Each structure stands twice: as structure tokens, then as C-alpha cells.
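Tertiary structure, described
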Amino acid sequence: MAAPLEISAAESDTTPQAPEGLSGKRIEGRSLGQIAWLRLRRDWVAIGGGIFIIILLLVAIFGPLVVQNPDIYHPNLINPTFQGPNGAFGGISLAHPLGVEPQTGRDMLSRVVYGARISLLIGFLSTVLAVVIGVFFGLIAGYFGGWVDTVIARVMDVFLAFPLLVFAIALVGVIPTSSFGLSGNVLRVTMLIFIIGFFSWPYMGRIIRGQTLSLREREFVDAARSLGARGPYILLRELLPNLWGPILVYSTLLIPTNILFEAALSYLGVGIVPPTPSWGAMLSNAVQNGFYYIDPMYMVIPGLAIFLTVMAFNLFGDGLRDALDPKTR
Amino acid sequence: MRTRKLYGFGALTAAAALALAACGSSGSSSGNNSTPAATTHYDQALTGVVNPSTHKGGTLTFDESSVPDSTDYQNTYYAFMWDFVRLYSMQLMTYKSCPGTCGDTLVPDLATGPGVASDHGLVWTYHIQPDVHFENGDVVTSQDVKYGIERSYAKTVLPNGPNYYQVLLKDPTYAGPYKSKTPLTSITTPNATTIVFHLAAPFSDFDYVNAIPQSTPVEQKWDTGKYGGANFQLHPESTGPYEFQSYTLNKQIVLVPNPHWNPATDPQAKQLASKLVFNLNVNQSQIDNNLLSNYADIDAAGTGVQTAAVRDKILTAGSTEHADADNPINGFARFVYINEKVIPNLHCREAIEYAADKTTMQDAWGGPVVGGDIASTVIPPNIIGYQKFDLYDALSKPNGDDAAAKQQLSACGKASGFTTGLAYRTDRPQEVAAAQALQAALAQVGIKTTLDGYTSGKYYTDFAGDPSYVHTHDLGLDMGGWGADWPDGYGFLDELSNGNTIATNGGNTNISEINDPTINNLFKQAAGQPSDQDVSIWPQIDKDIMAQAAILPMVYQKVLLYRNPNVTNAYVDSYYGMYNYAVLGLK
């Protein structure tokens with residue numbers, strides 16, 4: 001991590017007598033953010049991932065205004081005996097550009113678009129939760145050290161060693177269809193966000209703890225301390241601003257992990273309540289009920305959606321890390 | 001009292017495993033006579049005998065994807081085992097071995113005739129054939145029949161079988177021959193060929209109860225030592241055409257002809273193959289491929305071909321496999337129970353009946369072939385008492401009648417619709433799909449449903465089968481299914497619609513909570529007269545249930561069975577919806 005040397009040209013009292021460039025352009029000091037942006041801009045793979053993410057966000061937000069109702073059945077588009085869609089590639093037609101679902105004839109495009117909403121919603125919010133918890137405990141453990149650190153580090157070890165998937169399946173099975181004043185999918189989504197977020201914070205916590213451990217020994221922290229700054233001030237004003245880099249990078253890398261986890265839970269039948277579309281549930285339906293054989297597209301399309309989304313986030317996250325901290329390249 | 005008949009665990013889920021090429025490890029097959037003598041056609045075994053033959057010899061191979069609950073005839077509740085045990089046992093009564101609905105006919109087996117009821121239906125007397133022998137040569141006596149039934153009371157040792165004798169006979173506290181010092185008093189044996197049952201209340205279907213494998217005779221001396229009690233299933237004492245040669249648990253059963261069996265005393269069974277091999281725990285996709293490639297003759301579970309690749313091959317019209325397949329109704333009906341307490345207004349319930357799209361629900365169950373036929377009645381067509389009627393135009397307007405539904409909604413005072421819960425089992429893919437299909441169809445007329453999924457393990461004990469849970473959670477619609485323990489209207493309808501079967505705390509089978517004086521009286525009337533005279537009552541009850549809109553029938557379930565071309569005398573037993581295993585032979 002780079003040191004917080006945010007000394008801009010305007011602030012220093014001795015303006016360096018830098019030689020004017022041949023083009024006559026003045027050489028300016030650049031902020032860390034600017035440098036990172038410059039580096040990121042050159043990384044077209046990361047930019048590609050970023051553009052895909054933006055498109056995906058737009059689709060998730062505005063797509064449902066455009067596509068048709070994902071819950072409408074079209075039994076006439078299905079071969080009743082074999083249950084697969086009529087026509088090639090899963091029944092692709094002008095009305096159904098990605099074809100239709102086997103057995104029901106529901107429009108695939110709209111189900112994939114609605115599925116993006118669920119995946120992104122759960123992926124983002126659970127990551128936010130994980131980051132908040134992880135940063136909080138990571139900072140405390142790293143800064144205070146001693147027994148506080150020992151306790152928090154052991155708790156994180158326990159969380160990391162936990163058979164998460166098994167626990168999540170059991171928990172979702174135990175919680176009734178309506179509780180905490182919520183019911184149906186609102187309850188399910190909330191629960192999934194909490195389960196996933198609550199179990200992925202130690203990854204963030206460990207990284208932040210490590211960074212804090214090294215940062216707290218730095219001169220600027222000593223300086224702040226010698227000027228009389230106390231714990232909370234140092235944590236929030238001195239340490240946290242220097243941790244935005246890793247927080248941003250690892251959040252971006254945590255999102256796809258959480259999207260995959262949601263897909264896995266939906267695949268195992270403990271995710272979203274049907275008929276709300278979910279990529280994982282579609283994949284599960286295709287594989288576990290044997291639809292992949294009569295209609296391979298039903299497996300390929302949600303699989304591709306998950307794959308591309310996860311890859312886009314990973315590429316963007318990698319690029320972001322390289323841009324913020326070229327040493328790890 | 002009566003429990004659901006089990007159609008082999010887990011077989012309802014289509015196998016997800018890849019279609020393995022059959023590498024033939026599962027059992028020695030019969031002679032490879034691959035030249036079919038006569039042409040066969042699709043569904044041929046539903047109405048006639050395919051490859052009738054008296055040719056003896058060969059090894060008949062059964063494959064089973066799981067294991068039986070028990071091979072002990074007093075301790076099994078699996079439909080395929082009830083079919084299979086006839087190969088090594090005789091009961092007081094049995095079903096006639098003939099194709100079509102003729103197979104629902106009850107005929108005497110070990111008995112010389114149907115039971116004779118006296119004392120207002122409280123005493124039932126059977127005379128048994130004097131010259132039937134056990135596999136050790138001993139003559140079967142009425143005392144042996146009694147001892148067999150006594151065994152079925154020993155629930156701590158033999159827990160799986162049904163409980164009809166305990167409920168119907170006078171001696172409910174008897175604990176079976178292993179625990180009780182004194183014998184059962186409600187069955188008496190005046191002489192070696194007479195057995196008398198003393199009932200607590202008249203029960204006209206008692207002959208059907210005696211067709212359940214629990215009435216198989218057992219010698220008390222056999223039920224001791226190595227093959228006693230729970231280990232009896234390792235070598236059940238045979239009275240049928242075959243006897244156990246070996247049984248390796250979870251792996252294989254081998255049966256060989258019983259030398260003391262006399263075909264004259266047991267006309268419903270045949271002794272054609274010279275050996276029967278029953279392979280257990282065979283992967284379902286391997287079974288399906290074994291059948292096609294002749295490594296196995298019969299898929300014992302009777303739940304049909306599950307592997308998509310094999311299914312598609314069979315369903316392709318004109319293929320050779322197509323001609324060797326049958327698509328029978330298996331006696332299992334799929335319903336949505338409409339709870340009369342949660343949705344008390346008849347018109348609101350009728351709106352649901354009209355609005356439901358029967359085709360999308362049929363597709364959810366697997367379509368017309370592996371799913372089933374669209375149902376318009378409670379009783380399925382292979383049960384005595386079925387009468388076709390179509391009160392809510394399920395057959396004439398299978399996509400639902402939204403106009404009629406809206407009319408009923410206005411009559412109900414909820415023209416814009418209403419909201420109710422829909423319970424289903426999350427681990428049953430077809431039920432999940434059917435629930436979504438119903439939800440989508442009802443939404444078209446404004447009836448909003450919230451899907452409430454439960455695991456199947458506690459579905460009937462804690463959720464859909466617990467009326468107070470149903471009421472507090474507003475579960476107006478509950479998915480379920482039903483198969484009867486014997487093929488007549490009583491066996492099918494009683495638990496679903498008799499007011500006195502509503503259980504208040506869990507395990508309720510009358511999930512609609514039908515408690516209608518007319519229906520209750522019809523059941524009383526039926527119980528008081530011989531079972532062949534109450535045939536006209538069942539359609540009346542069926543119509544009453546439908547008129548109340550208490551049950552929304554989805555499908556009469558069907559299975560896709562493949563009959564190996566080498567197998568002779570193959571036909572579908574109408575009641576079991578699978579091949580009659582007692583008469584099969586090989587070319």
C-alpha cells in the first residue's frame with residue numbers, strides 16, 4: 001500500500017522549479033486516485049469487465065420495464081410429450097429471443113433479466129454487510145492488538161472453518177415461511193443477504209487486520225498519537241482513509257463469490273421461492289430434473305449469465321487491485 | 001388408519017446422472033433371443049397379454065434402484081413388493097391374474113371362496129384349501145394363517161406393514177407372538193381348514209384386507225432361530241411357486257422353484273423361469289439402459305423409465321423400443337386439496353376449480369406420458385367406482401375457464417379476487433412446478449397465492465396434515481397425492497373425505513376437512529353391505545366432493561414402463577399399474 005503522501009503542488013510552499021515541458025504543459029502532481037484511474041484506464045480487460053457490470057446494472061434496473069412478464073406460461077410452445085420447446089436452440093423466436101423454458105414455455109430472456117436483479121441485489125447487499133462487519137472488526141483487532149486481537153482472530157478462524165453451505169441449508173430449512181414480520185421472498189432475500197454477508201466478513205476482516213497492523217506502526221500514526229489523538233480519531237481519520245484501496249478491491253472480488261454462493265443455495269433449493277426467477281434455480285432445474293437433455297439451452301443460458309457476471313467482477317477487481325497497488329502485479 | 005401407498009422412494013425425480021452406457025454388470029441375463037416372433041405395439045400390455053407362452057426355463061432378472069422395505073410379507077408396504085411377494089406366498093384372497101380392469105377382481109387364493117360374513121357383518125369365516133404345502137412339505141393349516149396375521153401385530157419387530165387388522169379386529173392391544181404370552185383371541189381356528197375373524201365393527205371390504213400380503217401363512221417353527229422375527233425376511237417361508245435360495249442384504253435376492261408348489265392350488269401364479277434374480281441398489285440410469293440392452297428384464301419399482309435419454313428413445317414413435325413400452329395409469333392421483341375451513345365460500349372454491357389451467361399442471365407433472373392424464377374426478381379410472389364426469393370442464397376446457405371463474409368470484413362477493421396460501425413440498429420437483437403453474441393460472445382471475453414450501457418429511461405430520469397449522473397459516477390450497485391400499489372406492493375415498501377421519505393434530509389425510517352429513521352417511525351405508533353392492537355409492541361420493549369443490553384433481557398419474565421383448569406373459573396389473581410379476585416367463 002502506498003503511503004498517504006497527498007502533497008499536492010499547490011500546498012507545498014516551495015513550488016518546484018520544474019522545467020517546462022517541450023509542449024509547454026506544466027507538470028502537475030497527481031493524487032493517488034488519479035494515478036490509479038490512469039493505470040486502470042490502460043487496462044482494457046478491467047475496463048471491459050467494468051462496462052459489462054454497468055450494462056448488467058442497467059439491465060437489472062431498467063430491463064424489467066422492457067421485457068415481458070416472466071411468469072406467463074406458453075404451453076403451446078412446448079412439445080407435451082418430450083416437454084422441450086418447439087424449434088431450434090430452446091425455441092428461439094422474435095417474441096422470445098433467448099427461447100422459452102422447457103415444461104412451462106416461460107420467456108427465457110425475461111427470466112434471465114429478472115434473475116439478474118436477484119443475483120446482483122443479494123451479491124451487493126451481502127457484500128456491503130460483510131465489508132461493514134469485516135472492516136469494523138479488522139480495524140479493532142489490528143489496531144488494539146493483544147487479547148482483543150486474539151479473540152477476534154480466533155472468532156474469524158471459527159467462521160472460516162465453519163461448514164457454511166451445510167449451515168445455510170439447515171438455517172433456511174428451519175426458518176418458517178414467515179417470521180420477523182416478513183414473509184415470502186422478502187424474507188428469503190433478507191435471510192440470504194444476512195447469511196451470506198455474515199459468513200463472508202472474516203475474509204475482509206483478515207485483510208483489514210493485516211493492513212492495520214502494518215499501518216499503525218507508520219510515522220504518521222505515531223505523529224498523530226504524539227499530538228494527542230486518541231483511538232477513535234486515529235482509526236477513523238488516520239487508518240481508515242488509507243484502507244479504502246484494499247476495501248474497494250476486495251469488495252469487488254467478494255461480490256462474485258457471493259453471487260456464486262446465492263446461485264449455489266438456489267441450486268440446492270434453499271434460495272429464492274419460485275416462481276421468482278433466479279439463475280441458480282434455473283440451472284438446478286435444468287440439471288436435477290433432466291431438462292438439460294431435451295433442451296441444453298436451458299442449462300447454457302443461466303450458466304453463461306453466472307459465468308459472465310462472475311468473470312466481469314473478477315476481471316474488474318483484479319484490474320482495480322493492480323491500479324491501486326502495482327507492487328502486487 | 002390407512003396410510004399412503006409408497007411407490008418406491010425417490011424414483012419420482014428424474015435421474016440426473018449421465019446416461020451411462022450399459023456395461024452389463026448387473027446380473028446374468030437370459031438367452032439372447034433377439035428375434036421377436038410376433039409384432040408388439042405400444043400400450044399392448046394394458047389390454048392383453050404380450051407373448052403368451054408356457055415355455056419354461058431361463059433366468060428372469062429384476063433390477064431395483066433402492067431396496068425393499070422388507071421381503072417379509074407381513075412387514076412390507078411397498079406396492080412393488082405387494083406385487084412381487086405373490087411369487088413366494090399365497091394369501092387368503094388375491095387379485096385375479098388377467099389384463100385390464102379384470103385385474104381388479106378379487107378372487108380366493110389360499111381360501112376356497114370369499115369370506116362369509118355373519119352376525120351383522122361382525123364375524124367373517126374363510127375355509128382354506130386342504131392341500132397347499134409349504135416349501136418344506138408341511139401342509140398349510142388355518143393355524144398358520146392365524147400365526148402369520150399375529151406376526152403383523154409385532155410392530156416393534158416388524159414395523160412397516162399396514163395396521164388394518166389392529167384397527168378392525170377386536171383385540172387392539174395384542175402385541176404380537178414374540179411379546180404376548182396368550183394368542184390373539186379375535187381370530188379363531190375351529191379346525192385345520194377354517195379361520196374365523198371377529199371384527200369390532202362391520203367392514204364390508206374385509207376381503208380386500210385379506211388380499212394384503214399380511215394374510216400369508218407362516219409356521220411358528222419357521223419363525224424361530226436363524227430365520228425368526230426380523231430375520232424372517234432373509235428366507236420367508238414360501239407357499240408360492242418360488243422359494244428363496246439366497247438373500248444378500250442390499251445386493252441381491254435369488255429365488256428358485258419351490259418343489260412343493262402345486263399349480264392346481266395356485267392358478268393366479270406361474271412357475272416358468274428356472275431362476276429369479278432380484279438385484280438391489282442398481283443406479284436408475286443403469287437400470288433403464290440394462291432394460292434396453294437386455295441385461296435386465298424388469299425394473300422392479302414399477303415407477304417407469306426415468307433417464308431422459310432412454311425415455312426419448314422409447315417415446316420416439318416408430319422406434320423398436322416404442323413398441324415395447326406401456327404407459328399405464330398407476331392408481332396414484334395428484335390433487336390440490338381446497339381447505340373448506342380456510343376458504344369457506346363454495347363459490348370462491350369453485351372459482352379455483354374453473355380458473356386452474358389443467359394443461360400447465362399436467363406439463364408440470366411431466367406431460368401426458370410420464371405425468372398423467374388430466375383428471376376431472378377424485379377416483380382414478382383403474383379403481384372400482386370410477387365414473388367419468390366433468391363438473392368444472394377440466395376436460396372440455398383444459399386451459400381453464402376464466403369467464404366462469406370470474407362469475408363464481410362475483411357470486412362469492414370477491415369479484416376482484418382474493419389471497420390464499422399454497423402449500424407444496426420443495427423436494428418434489430413436480431410439485432414445485434405444479435404449484436407455480438397453478439399460481440400463474442389463478443393470478444389471471446385475480447386469485448393471488450403465496451407459495452409455502454415445506455420438506456416432505458414432515459409435510460403430513462406438521463404442516464398440510466395439521467389443521468390448526470393450515471388455519472393459522474391460511475393454507476387454502478395444499479398439494480398432495482393419494483393411492484389406495486385396495487382398488488375400490490372405499491379404499492380410495494374414506495381417508496380423503498369421511499368426516500370422522502379429520503385428525504386434529506397432525507397426520508390428517510382429510511386435508512380439505514370435508515365433513516358433510518350426506519357423504520358420511522354414504523360411507524356408513526357402504527360399510528353395512530357387501531363390497532360388491534356398494535359400487536354405486538363411490539361415484540356419488542366422488543360427485544359430492546367435486547360439487548363442494550373441495551378437491552382440485554390435477555392428474556391421474558401415469559408411468560412409462562418398458563417391457564423387455566424376451567419376457568413372456570407380460571401385462572399390466574391394473575391395480576398396481578405395473579407388470580404382474582407373478583406370471584412372467586422368458587422366451
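Everything quoted here is computed from the prediction, not taken from an experiment. (Residues numbered from 1 in each chain as written. Chains lettered and ligands numbered in written order. Predicted model: local features only at pLDDT ≥ 70, side-chain atom pairs only at ≥ 80, totals over all residues.)

Looking only at helices and strands, one finds 18 helices and 23 strands in chain B. In terms of C-alpha radius of gyration, chain B reaches 24 Å, essentially the compact-globule figure of 25 Å for 587 residues. Its C-alpha atoms give chain B principal-axis dimensions of roughly 75 × 60 × 35 Å. Taking all 587 residues of chain B together, 57% fall into the buried category. (Helix = DSSP H or I, 4+ residues; strand = E, 2+ residues; numbered from the N terminus. Rg over C-alpha atoms; globule rule 2.2 N^0.38 Å. Buried ≥ 20, exposed ≤ 12 C-beta atoms within 10 Å, placed from the backbone.)

The secondary structure content of chain A amounts to twelve helices and two strands. When the helices and strands of chain A are listed from N to C terminus, the series reads α-α-α-α-α-β-β-α-α-α-α-α-α-α. Looking at chain A as a whole, 42% of its 329 residues qualify as buried.

All names here are of chain A. Contact geometry for helix α2 (residues 44–66) and helix α12 (residues 297–324): axes closest at 7 Å, N-to-C directions at 130°. Put simply, α2 runs oblique to α12. Considering the relative orientation of α2 and α12, their crossing is left-handed. Contact with α2, carried on its side by Val 45, Ala 46, Gly 48, Gly 49, Gly 50, Phe 52, Ile 53 and Leu 56, involves Leu 308, Thr 309, Ala 312, Phe 313, Leu 315, Phe 316, Asp 318, Gly 319 and Leu 320 of α12 and no other residues of that element. Among the residues making up the contact of α2 with α12, the classes are represented as eleven nonpolar, five polar and one charged. (Axes fitted to C-alpha atoms, helices over the stretch in contact; angles between N-to-C directions. Parallel < 35°, antiparallel > 145°, perpendicular 65-115°, else oblique. Left-handed = near helix turned anticlockwise from the far one by under 90°. Contact = placed C-beta atoms within 7 Å. Nonpolar A, V, L, I, M, F, W, Y, C, P; charged D, E, K, R; others polar.)

Residues and elements named next belong to chain A. Positionally, Asn 185 belongs in helix α6 (residues 184–215). The class for Asn 185 is partly exposed, based on 18 C-beta atoms found within 10 Å. Asn 185 sits 87 residues away from Ile 272 along the chain, and the two C-alpha atoms are 6.3 Å apart.

Bringing the domain arrangement of chain B into the picture now. Residues and elements named next belong to chain B. Split by domain assignment, chain B resolves into domain 1 (67–280) and domain 2 (329–558). For domain 1 and domain 2, the distance between their C-alpha centres works out to 34 Å. Contacts between the two partners involve twelve residues from domain 1, matched on the other side by 15 residues from domain 2. Among the residues forming the side of domain 1 that touches domain 2, the class breakdown is six nonpolar, three polar and three charged. (Domains from an automatic or database assignment.)

Of the residues lining the interface, 29 residues belong to chain B; the matching set on chain A comes to 23 residues. Elements represented by at least two residues in the side of chain B that touches chain A include exactly α7 (308–315), α10 (358–364), α11 (367–370), α13 (429–443) and β16 (448–454) of chain B. At seven residues, α13 of chain B tops the list of elements feeding residues into the side of chain B that touches chain A. A per-class count over the side of chain B that touches chain A returns 15 nonpolar, ten polar and four charged.

Residues and elements named next belong to chain B. If you look at the biggest cluster of nonpolar residues, it comprises 238 residues, and the most contacted ones within it are Leu 87, Ile 338, Ala 355, Ala 434, Leu 438 and Tyr 579. For this core, the two domains that each supply at least three residues are domain 1 (67–280) and domain 2 (329–558). When neighbours within four sequence positions are excluded, Ala 355 is seen to be in contact with Gly 400, Asp 402, Ala 405, Ala 441, Leu 442, Gln 444, Val 445 and Ile 447. (Core = buried A, V, L, I, M, F, W, Y, C linked by C-beta atoms within 7 Å.)

As a further point, take the sheet that holds strand β6 (residues 187–191) of chain B. Residues and elements named next belong to chain B. The four strands are arranged β4-β5-β7-β6 in an open sheet whose pairing can be described as antiparallel. The sheet terminates laterally at β4 (116–118) and β6, the two strands that pair on one side only. Within this sheet the neighbouring strands show an average axis-to-axis angle of 25°, counted without direction. Pairing analysis gives five bridges linking strand β5 (residues 123–127) to strand β7 (residues 194–198), with the strands arranged antiparallel. Bridged to Trp 124 within β7 is Phe 197. Lying on the sheet, helix α3 (residues 142–151) is in contact with β6 and β7; it crosses β6 at an angle near 170°. (Pairing = 2+ DSSP bridges.)

Now for the sheet that holds strand β17 (residues 477–483) of chain B. Residue and element names in this part refer to chain B. On the basis of which strands lie adjacent, the open sheet formed by six strands has the order β14-β18-β13-β17-β15-β16 and mixed pairing. One side of each edge strand has no neighbouring strand; the edge strands of this open sheet are β14 (372–374) and β16. Averaged over all adjacent pairs, the angle separating strand axes in this sheet is 30°, with direction ignored. Against the sheet, α13 makes contact with β13 (329–338), β15 (419–425), β16, β17 and β18 (551–558), and its axis sits at roughly 165° relative to β15, the strand it touches most.

The terminal C-alpha atoms of α13 of chain B lie 21 Å apart, and with 15 residues this matches the ideal 21 Å at 1.5 Å per residue to within 8%. Within α13 of chain B, 13 of the 15 residues are buried, which leaves the element mostly enclosed by the surrounding structure. (Expected span 1.5 Å × (residues − 1).)

Bringing the packing of α2 of chain A against helix α3 (residues 108–144) of chain A into the picture now. All names here are of chain A. Interhelical geometry of α2 versus α3 gives an angle of 120° and a closest axis separation of 8 Å. Put simply, α2 runs oblique to α3. With respect to the hand of their crossing, α2 and α3 are arranged in left-handed fashion. Contact residues: α2 offers Leu 56, Leu 57, Val 59, Ala 60, Gly 63 and Pro 64, while α3 offers Val 113, Tyr 114, Ala 116, Arg 117 and Leu 120. The residue inventory of the contact of α2 with α3, partitioned by class, reads nine nonpolar, one polar and one charged.

Glancing now at the environment of Ala 175 of chain B. All names here are of chain B. Looking at the element boundaries, Ala 175 is found in the loop between α4 (164–168) and β6. Among the residues examined, Ala 175 registers 15 C-beta atoms within 10 Å and is labelled partly exposed. Considered as a pair, Ala 175 and Leu 493 are 318 residues apart in the sequence and their alpha carbons are 29 Å apart. In this structure Ala 175 touches Tyr 153, Ala 154 and Ser 180, once residues within four positions along its chain are discounted.

All names here are of chain A. For Met 204, the position within the fold is in helix α6. With 141 residues separating them along the chain, Met 204 and Gly 63 place their C-alpha atoms 32 Å apart. Leave out the neighbours within four places in its chain, and Met 204 touches Ala 130, Val 131, Gly 134, Val 135, Gly 138, Tyr 250 and Leu 254.

Attention now moves to the pairing of β13 of chain B. Residues and elements named next belong to chain B. Across the ten residues that make up β13, a large majority, ten, are buried. Of the pairings in the sheet, the one linking β13 to β18 comprises six bridges and is antiparallel in character. The partner of Phe 335 across the bridge, within β18, is Pro 553.

With that settled, consider unusual backbone geometry. A negative phi holds for most residues other than glycine; trans holds for most peptide bonds. With an omega dihedral of 10°, the bond running from Pro 274 of chain A to Pro 275 of chain A counts as a cis peptide bond. The residue Pro 275 of chain A is located in the loop between α9 (244–267) and α10 (279–288) in this model. If you check the backbone angles, Asp 393 of chain B has positive phi at about 55° while not being a glycine. By the secondary structure assignment, Asp 393 of chain B is in the loop between β14 and α12 (402–412).

In this section: the pairing of β6 of chain B. Two elements, β6 of chain B and β7 of chain B, share three bridges in a ladder whose sense is antiparallel. Across the sheet, the residue bridging to Asn 191 of chain B is Thr 194 of chain B, located in β7 of chain B.

What follows deals with α10 of chain A. All names here are of chain A. Of all ten residues making up α10, eight are buried, and the element is well covered by its neighbours. Its buried side turned inward, α10 meets α3, α9, α11 (291–294) and α12. Of the residues flanking the end of α10, it is Gly 290, one or two places downstream, whose phi is positive at about 75°.

All right, on to the confidence of the model for chain B then. Predicted confidence across chain B gives a mean pLDDT of 88, with 93% of residues reaching 70 or more. Segment residues 1–37 of chain B: pLDDT under 50, and 92 contacts once partners within four positions in sequence are set aside and those in other chains are kept. (pLDDT = per-residue confidence, 0-100.)

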